Amino acid sequence: MSDFSPAPGLSPWQRTAAGAGLLADDGRIAATIFAEMSALALRTGAINLGQGFPDEDGPAEVLEAARQAISDGVNQYPPGIGLPVLREAVARHQHRFYGVDVDVASEVLVTAGATEALAATILAFVDTGDEVVTFEPYYDAYAALIARAGGLHRTVPLRFPEWRPDPDELRAAITDRTRLIIVNSPHNPTGVVFDDEILELVVELATRHDAIIVTDEVYEHLTFGVPHRPIATLPGAWERTVSISSGGKTFSTTGWKIGWLTAPAPLVTAVLAVKQYLTYVNGAPFQPAIAAGLELPDAFFTSVAASLAAKRDVLVGGLAAAGFTVSTPQAGYFVIADASPLGVDDGAAFCRRLPERAGVVGVPVSAFVHPDRHDAYRSLVRFAFCKRLPVLEEASARLSRLG
């Protein structure tokens, strides 16, 4: 278990940067690892497997719905809680896939992607000194937002290659000081899908310590033979859970930034009180388009996961052939590989050299953990496989030069 709180005396923006590990000792802010590696890919002409965005468009029905909405004049401010067509589609989606019934008028909120939903939720409920528990490695926005809110970030480690948390470490992390428990499943960057035992333990501990559960489920439809179970469906969970997702990953529309959350009305009201002063509203013509996506037949959701699984297998095979030890992900966009069999003991330095050596970009997993835990993840590298198959095949061929 690890704790992190930025040093006292920092300004709010510095505290935010420090939470994400981007504040240098002299007070300057560093670029994110994604910006650094993407710039390196551009400079060297390397294949960029560092950042999690697809390189092909989503379903034609969704794209056409956006064009039609623009032509139909859906270009002004939508309602603050989101267009009814999308809120209704989200409600039907929750019932269709998970058997969860939500009130469209009070229990669904549309946001500027899942990241804004997370930001508004954390800022709504976390005050100075409150503890927020996440699993580690973690999506870097969690740490930045917790720090900005003045909270203390406590983490429960996930260990290569199984990535299953230790129940005793989870019990030790959650106390009466815990305000939020953030559960990212399917998990970024590890690709693990938490089993029912872990989810049930989270609910038990949240209930015992009166904590709010916040879920990040953006990869909910991108699982590979392992079903996703929203924690809100477990007994005793709904009344204390804010469930967050988005259309960007499922429909390959990451640039649209259309997300949503579902929760009991009092929790939605609290989040909306903050959210309305962040973006206010966003993406009017994209909201009916994502609604159209959520109404696509089951065959679409099955095929998009199957296509991604095939891409995963190509990259996993290429990494293994190049000499990495690979943890095969159960979901998501990413695979984590251990470069230590190649003599690597510093993943960050290895990633900075990799474009020149092999023409491929990855990111070190140390970017997703707090500094005091870097050693446990030093040789691990994350690669994205949400790319076209020819790109992944070429990347695999290039990586073979490392062998």
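Here goes a summary of the coordinates provided. (Residues numbered from 1 in each chain as written. Predicted model: local features only at pLDDT ≥ 70, side-chain atom pairs only at ≥ 80, totals over all residues. Heavy atoms only, no water.)

A look at the overall build of the protein
Our working rule: Only DSSP runs of H or I with at least four residues qualify as helices, and only runs of E with at least two residues qualify as strands; both kinds are numbered from the N terminus onward. It is over C-alpha atoms that the radius of gyration is taken, and the globule rule equals 2.2 Å times the number of residues to the power 0.38. Burial classification: accessible surface area is computed with a 1.4 Å probe over protein chains only, and a residue below 20% of its type maximum counts as buried, one above 50% as exposed, and the rest as partly exposed. Accessible surface is estimated by sampling points in the Shrake-Rupley manner with a 1.4 Å probe; for residues, cover comes only from the protein chains shown. By the counting rule applied here, Lys and Arg register as positive and Asp and Glu as negative, while His and the ends of each chain are not counted. Charge coordinates come from a single atom per side chain, which is NZ of Lys, CZ of Arg, CG of Asp or CD of Glu.
Secondary structure assignment for the protein yields 13 helices and 14 strands. By the compact-globule yardstick of 22 Å for 403 residues, the protein fits well, its C-alpha radius of gyration being 20 Å. Overall, the C-alpha framework of the protein stretches about 55 × 50 × 40 Å when taken along its three principal axes. Buried positions account for 59% of the 403 residues belonging to the protein. Accessible surface for the protein amounts to roughly 15,600 Å². Of this, 53% is attributable to carbon and sulfur atoms. A distance of 5 Å separates the average location of the 32 positive side-chain charges in the protein from that of its 46 negative side-chain charges.

Quick word on the nonpolar core
We count it as follows: Put simply, buried Ala, Val, Leu, Ile, Met, Phe, Trp, Tyr and Cys residues joined by side-chain atoms within 4.5 Å make one nonpolar core. Residue contacts follow a heavy-atom distance rule, with two residues in contact if any of their heavy atoms lie within 4.5 Å.
With 97 residues, the main nonpolar core has Leu315, Leu319, Phe324, Phe383 and Leu399 as its most contacted residues. Counting residues per element, this core draws most heavily on helix α11 (residues 298–322), at 9 residues. Discounting residues that sit within four places of it in the chain, Phe324 has contacts with Leu319, Ala337, Asp338, Ala339, Leu342, Phe350, Phe383, Leu399 and Leu402. Counting 29 residues, the second largest nonpolar core, distinct from the first, contains Leu158, Val183, Val365 and Leu380.

So, the sheet that holds strand β10 (residues 325–327)
In plain terms, the rule: The pairing criterion is simple: DSSP has to find at least two bridges between the two strands.
In space, the 4 strands of this open sheet follow the order β10-β11-β14-β13, with antiparallel pairing throughout. A single partner strand is all that each edge strand has here, and the edge strands are β10 and β13 (363–364). With 3 bridges joining them, β10 and strand β11 (residues 334–338) adopt antiparallel strand pairing. Pairing of Thr325 across the sheet is with Asp338, part of β11.

A closer look at the packing of α11 against helix α13 (residues 389–399)
As a reminder of what qualifies: Axis lines are fitted to C-alpha atoms, over the contacting stretch for helices. Their N-to-C directions set the angle, which ranges from 0 to 180 degrees. Throughout, the term roughly parallel applies to angles under 35 degrees, roughly antiparallel to angles over 145, roughly perpendicular to angles from 65 to 115, and oblique to all others. In this classification, the charged set is Asp, Glu, Lys and Arg, the nonpolar set is Ala, Val, Leu, Ile, Met, Phe, Trp, Tyr, Cys and Pro, and all remaining amino acids, among them Gly, are polar.
Two elements in contact, α11 and α13, have axes whose closest approach is 8 Å; the angle formed by their N-to-C orientations is 5°. In this view, α11 runs roughly parallel relative to α13, as classed from their interaxial angle. Note on element contacts: α13 touches α11 through Leu389, Leu392, Glu393, Ser396 and Leu399, opposite Ala310, Lys311, Val314, Leu315, Gly318, Leu319 and Ala322. Taken together, the residues that form the contact of α11 with α13 break down as 8 nonpolar, 2 polar and 2 charged.

Considerations on unusual backbone geometry
Leaving glycine out, the prevailing phi sign among residues is negative, and the prevailing peptide bond configuration is trans. In this chain, Glu136 is followed by Pro137 through a cis amide linkage whose omega measures 10°. On the secondary structure map, Pro137 appears in the loop between β4 (131–136) and α6 (140–148). For the bond running from Phe160 to Pro161, omega is 0°, close enough to zero to count as cis. Considering the arrangement of structural elements, one finds Pro161 in the loop between β5 (152–157) and α7 (167–173).

Describing the side chain of Thr250
Among the structural elements, Thr250 can be located in the loop between β8 (241–246) and β9 (259–262). Residue Thr250 is classed as buried on the basis of its relative accessible area of 3%. With residues near it in sequence (within four places) discarded, Thr250 still touches Val218, His221, Phe300, Phe301 and Val304.

Focus: the pairing of strand β6 (residues 178–184)
A large share of β6 lies buried, amounting to 6 of its 7 residues. Bridge count between β4 and β6: 4 bridges; the pairing is parallel. What sits directly across from Val132, in β6, is Leu180. With 5 bridges joining them, β6 and strand β7 (residues 212–216) adopt parallel strand pairing.

Some details on the state of the cysteines
The cut-off we apply is this: Any two cysteine sulfur atoms within 2.5 Å of one another count as a disulfide.
Taken as a whole, this structure holds 0 disulfides when the rule is applied. For Cys351, which is in no disulfide, the shortest distance to another cysteine sulfur is to Cys386 and amounts to 16 Å.

Some details on the packing of aromatic side chains
Our working rule: Classification of ring pairs rests on two measures: the distance between centres of Phe, Tyr or Trp rings, Trp counted by its six-membered ring, which must be within 6.5 Å, and the angle between planes, read as stacked under 30 degrees, edge-to-face over 60 and tilted in between. By the criterion adopted, a ring carries a charge over it if an Arg CZ or a Lys NZ lies within 6 Å of its centre and within 35 degrees of its normal.
Taken as a whole and judged by the stated rule, the model has 17 aromatic pairs. Judged by centre distance (5.0 Å) and plane angle (70°), the ring pair of Phe97 and Phe301 falls under edge-to-face. Taken together, the positions of Phe97 in helix α4 (residues 84–98) and Phe301 in helix α11 put the pair 204 residues apart, joining distant regions of the chain. Under the relative-accessibility criterion, Phe97 is labelled partly exposed at 27%. Assessed through its relative accessible area of 5%, Phe301 is described here as buried. Between the aromatic rings of Phe251 and Phe300, the centroid separation amounts to 5.7 Å while the plane-to-plane angle is 15°, which identifies the pairing as stacked. In this pair, Phe251 is assigned in the loop between β8 and β9 and Phe300 in helix α11, connecting sequence segments 49 residues apart. We note that Phe251, like Phe300, is buried. The structure contains a cluster of three or more aromatic residues connected by ring pairs, namely Phe97, Tyr98, Phe251, Phe300 and Phe301. In this structure, Arg382 is placed above the aromatic ring of Phe334, and the distance from its NZ or CZ to the ring centre is 3.5 Å.

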